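# A structural walkthrough
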Amino acid sequence: MLGYILRRCAMLIPVILGVVFIVFALMYVTPGDPARMVLGEQAPQVDVDNLRAEMGLNDPFLLQFGRYVYKAVVHADIGRSYITKRPVWNELMTAFPVTLKLSALAMGIALLVGIPCGIVTAVRQYSIFDNIVTLFALIGISMPVFWLGLLLILLFTVKLGWLPPSGFDSVQAMIMPAVTLGLQSVAIITRMTRSSMLEVVRQDYIRTARSKGQKESVVIWKHALPNALVPVVTIAGIQFGILLGGAVLTEIIFSIPGLGRLMVSSIEMRDYPMVQGGVLFIALAFCLVNLGVDLLYAWLDPRIKSQYS
Amino acid sequence: MQTKKNSLWGQVFARLKKNRMAMIGLCILFGLLATALLADIIAPFPFDEQDLFATLEGPSKLHWFGTDEFGRDILSRIIHGSRISLQVGFVAVGFSVMVGGFIGAVAGYYGGRTDNILMRLMDILLSIPQLLLAISVAASLGPGLLNLMLAVGIAAIPQYARLVRASVLSIRDQEFVEAAVSVGSSDLRIIFRHILPNCMAPIIVQATLGVAFAILTAAGLSFIGLGLEPPTPEWGAMLSGGREFIRDYPYMTIFPGMAIMITILGLNFLGDGLRDALDPKLRN
């Protein structure tokens, strides 16, 4: 198992290098001059040219890329923001906890609502509750996050005046963003739990448990659920990774100073080091979450565990 | 002789017809296609016609969905917006299916080092969350319909590459492929003529759901200002424009959002129905 973990971690290195290369290439071809953005539209061309040289923007692409990788690997330095002049790492460390908190809250809602709904709909398949939840799950998956956010603001801020329309500094302020970001995951986890439970309850060992006279609640909670949750854990982990990268729209709607919003504003300002560092950071987090999911999956399912031990 | 009814796709359609949700999805999709095709005829006003004496009017007999801050009819803009959304959805997915499908087919068919190199490249793209990748590509390409389609399409390539590769791997060693090799068919002919047509089922399901995701992503990009520019009637951009008026004129956000949701819902109904209809476990 340890060998497998080390192998997976080693495989991250070329992937992350590839991500840096892609983002570097994308920023390289992006129209607009960062030096002009820093100095403003009125700045004389001479100053802009000097700043471009100072920033190393006139160097060939591969040289810029090599310099970035060298600094990142040898000096653990992923650059400074063109706009705030602060180290990119510090900026990311300020924004990331906010995104992490938002994603964790959204995931918490998704698990707390999605798993029970999935279980009940599977146990009472084709009941009215099943039909209603299935329909709501489909609506949840189909609802644009940014529209849901606006509708919640319209209802709970404009009409009822219960919740603040923006920010993330109080429990009240966290409710709408977490629900907005989490609704799609609620729907996905409900559907996954339902189909996984339906598959498990048809298996022979469940029939055996029932034929032995076990109570239905024991059959469901003790025998069926632990096995049904294995694929749900995988989906939940993958969803968590997606939430980390997909929180951008929610952060923009509710003016939350998270990583996604930082990325979009950095793209608008042509703040290349911030964008490169940000995408690199999110990709790394995404890969680590996926690695964690694989390991958790192997830990939960002895059949997979045996392949690596 | 196989009659149409007994062919695979005949059976699939027969099963699909029994699925009420899938039929609703199909009706929604056909309705949208008709709306997009006939937009010039059925829209009560041109999408960019401004009436500065009728700005920010609520829903009325003349303007069913009200007017925006420039006095443009929201219903007409939503009707014309269906063209943009469907175009983005289908073209972006068509692009990612073609490119991703080709990469996946080549990787799966040749295997070995080719497979390793291509799939590691796909792993790199997959390690960037899809929305973030679409945002980065859209930012580097600049605004515009074609760029929006490309941004959304590029971000989805790895999914199709993986899907097609897995399908190709599962059938590449079957006897009919061996037979094609033994009669001297070229690799390209074998891939496109013999292997890919047999991988269509999962691709069609994924593509149907992919169109929904592409429309959502494109609307999201326009919402944050990285998609289409005004006065193009894109649903996401309309939502974004209505955001600042949400307190007093909520209809400006409600109707475009509803259009997006109904479209996505219809495609999801259809995609789910197709998946059930094509699922081998459910076949006779």
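What this report covers is the structure whose coordinates are included nearby. (Residues numbered from 1 in each chain as written. Chains lettered and ligands numbered in written order. Predicted model: local features only at pLDDT ≥ 70, side-chain atom pairs only at ≥ 80, totals over all residues. Heavy atoms only, no water.)

### A closer look at the overall build of chain A
Scanning chain A from N- to C-terminus turns up 14 helices and 0 strands. Going from N to C terminus, chain A has its helices and strands arranged as α-α-α-α-α-α-α-α-α-α-α-α-α-α. Its C-alpha atoms give chain A principal-axis dimensions of roughly 85 × 60 × 30 Å. Counting the 309 residues in chain A, one finds 49% classified as buried. Within chain A, counting contacts between residues at least 6 apart in sequence, those at least 24 apart form 70% of the total. Accessible surface, chain A as shown: approximately 15100 Å² in total, 66% of it carbon and sulfur. (Helix = DSSP H or I, 4+ residues; strand = E, 2+ residues; numbered from the N terminus. Buried < 20%, exposed > 50% of the residue type's maximum accessible area, 1.4 Å probe, protein only. Contact = heavy atoms within 4.5 Å. Areas by Shrake-Rupley, 256 points an atom, 1.4 Å probe, with all protein chains shown as cover.)

### Overview of the interface of chain B and chain A
Contacts between the two partners involve 38 residues from chain B and, on the opposite side, 40 residues from chain A. Buried area between chain B and chain A, both sides added, is near 3600 Å², and the carbon and sulfur share of it is 80%. Linking chain B with chain A are 1 salt bridge, by the criterion used here. Asp272 of chain B is the partner of Arg191 of chain A in a salt bridge, and the nearest nitrogen-oxygen pair spans 2.9 Å. The set of elements that each furnish at least two residues to the side of chain B that touches chain A consists of α5 (112–126), α6 (130–141), α10 (200–223), α11 (235–243) and α12 (251–278) of chain B. If you tally residues by element for the side of chain B that touches chain A, the top one is α12 of chain B, at 12 residues. Its residues assigned to classes, the side of chain B that touches chain A shows 25 nonpolar, 7 polar and 6 charged. (Buried area = accessible area lost by both parts, 1.4 Å probe. Salt bridge = Lys/Arg side-chain N within 4 Å of Asp/Glu carboxyl O. Nonpolar A, V, L, I, M, F, W, Y, C, P; charged D, E, K, R; others polar.)

### Some remarks on the nonpolar core
Residues Met197 of chain A together with Ile135 and Leu221 of chain B are the most contacted members of the largest nonpolar core, which totals 155 residues. When sequence neighbours within four positions are dropped, the list of residues in contact with Ile135 of chain B reads Val248, Val264 and Ile267 of chain A together with Leu221, Ile224 and Leu226 of chain B. Listed in part, the 13 residues of the second largest apolar core include Val164, Val177, Ile195 and Ile203 of chain B. (Core = buried A, V, L, I, M, F, W, Y, C linked by side-chain atoms within 4.5 Å.)

### What to know about the environment of Val88 of chain B
All names here are of chain B. Relative to the elements of secondary structure, Val88 occurs in helix α4 (residues 74–110). C-alpha separation for the pair Val88 and Leu146, spaced 58 residues apart in sequence, amounts to 8.3 Å. Once residues lying within four places of it in the same chain are set aside, the contact partners of Val88 are Val93, Leu145, Leu148, Met149, Ala214 and Ala218.

### Looking at the packing of aromatic side chains
Residue and element names in this part refer to chain A. With the rule as written, the count across this model stands at 17 aromatic pairs over all chains. Look at Trp89 and Phe281: their rings are 5.8 Å apart centre to centre, the planes differ by 70°, and that puts the pair in the edge-to-face class. In this pair, Trp89 is assigned in helix α5 (residues 88–123) and Phe281 in helix α13 (residues 272–300), connecting sequence segments 192 residues apart. On the accessibility criterion, Trp89 (44% relative accessible area) is partly exposed. (Phe/Tyr/Trp six-rings, centres within 6.5 Å; stacked < 30°, edge-to-face > 60°.)

### With respect to a negative patch on the surface
On the surface, a cluster of negative charge is made up of Asp48, Glu49, Asp51 and Glu57 of chain B. With respect to the helices, strands and loops of the structure, Asp51 of chain B is situated in the loop between α3 (39–42) and α4. (Patch = residues over 30% accessible without salt bridge, like charges linked within 9 Å, V, L, I, M, F, W, Y side chains within 5 Å. Lys, Arg positive; Asp, Glu negative; His and termini not counted. Charge placed at Lys NZ, Arg CZ, Asp CG, Glu CD.)

### Focus on the side chain of Thr67 of chain B
All names here are of chain B. As for its placement among the helices and strands, Thr67 is situated in the loop between α3 and α4. Here the side chain of Thr67 touches Ala54 through a polar contact of 2.7 Å, landing on its backbone oxygen. In contact with Thr67, not counting residues within four places along its chain, are Ala54, Thr55, Leu56, Glu57, Arg72, Asp73, Ile74, Tyr251 and Met252. (Polar contact = N/O pair within 3.5 Å; in protein donor to acceptor, adjacent residues only side chain to side chain.)

### Description of the pattern of salt bridges
All chains considered together, the criterion is met by 15 salt bridges over all chains. Of the charged contacts in the structure, one is a salt bridge between Asp33 of chain A and Arg52 of chain A, with a shortest N-O distance of 3.0 Å. Taken as a pair, Asp33 of chain A in the loop between α1 (2–29) and α2 (34–39) and Arg52 of chain A in helix α3 (residues 45–55) lie far apart in primary sequence, 19 residues in all. A salt bridge links Asp272 of chain B to Arg275 of chain B, with the nearest nitrogen and oxygen atoms 2.8 Å apart. Within this pair, Asp272 of chain B and its partner Arg275 of chain B are both found in helix α12, separated by 3 residues, close to a single helical turn. On the basis of relative accessible area, Asp272 of chain B is assigned to the buried category, the value being 14%. The exposure class of Arg275 of chain B is partly exposed, given its relative accessible area of 38%. Counted as one network, the salt bridges with shared partners bring together Arg191 of chain A together with Asp272 and Arg275 of chain B.

### Regarding the packing of helix α8 (residues 171–201) of chain A against helix α10 (residues 216–246) of chain A
Residues and elements named next belong to chain A. Running from N to C, α8 and α10 point in directions that differ by 150°, and their axes come no closer than 9 Å. In terms of their interaxial angle, α8 and α10 are classed as roughly antiparallel. Considering the relative orientation of α8 and α10, their crossing is right-handed. Contact residues: α8 offers Leu181, Ser185, Ile188, Ile189, Met192, Thr193, Ser196, Met197, Val200 and Val201, while α10 offers Ile220, Ala224, Leu225, Asn227, Ala228, Pro231, Val232, Ile235, Ala236, Gln239, Leu243 and Gly246. Its residues assigned to classes, the contact of α8 with α10 comprises 16 nonpolar, 6 polar and no charged. (Axes fitted to C-alpha atoms, helices over the stretch in contact; angles between N-to-C directions. Parallel < 35°, antiparallel > 145°, perpendicular 65-115°, else oblique. Left-handed = near helix turned anticlockwise from the far one by under 90°.)

### Overview of α5 of chain A
Here α5 of chain A spans 50 Å end to end across 36 residues, near enough to the 52 Å set by a 1.5 Å rise per residue. The sharpest bend along α5 of chain A measures roughly 30° and falls at Ala95 of chain A, with the proline Pro97 of chain A sitting one to four residues further on. (Expected span 1.5 Å × (residues − 1). Bend = angle between axes of the 7 residues up to and from the residue.)

### Some thoughts on the environment of Tyr126 of chain A
Residues and elements named next belong to chain A. Here Tyr126 lies in the loop between α5 and α6 (128–142). When the C-alpha positions of Tyr126 and Val20 are compared, they lie 49 Å apart, and in sequence the two are 106 residues distant. Side chain to side chain, Tyr126 and Gln125 meet in a polar contact 3.3 Å long.

### Examining the state of the cysteines
Residues and elements named next belong to chain A. Applying the stated rule across the entire model yields 0 disulfides over all chains. Cysteine Cys9 is unpaired, with the sulfur of Cys287 as its nearest cysteine sulfur at 11 Å. Exposure remark for Cys9: the relative accessible area of 33% places this residue in the partly exposed category. (Disulfide = S-S within 2.5 Å.)

### Comments concerning a nonpolar patch on the surface
A grouping of Leu37, Leu38, Ile41 and Ile42 of chain B is seen on the molecular surface, where their side chains present a nonpolar patch of about 430 Å² in accessible area. Turning to its location among the elements, Leu38 of chain B is positioned in the loop between α2 (20–37) and α3.

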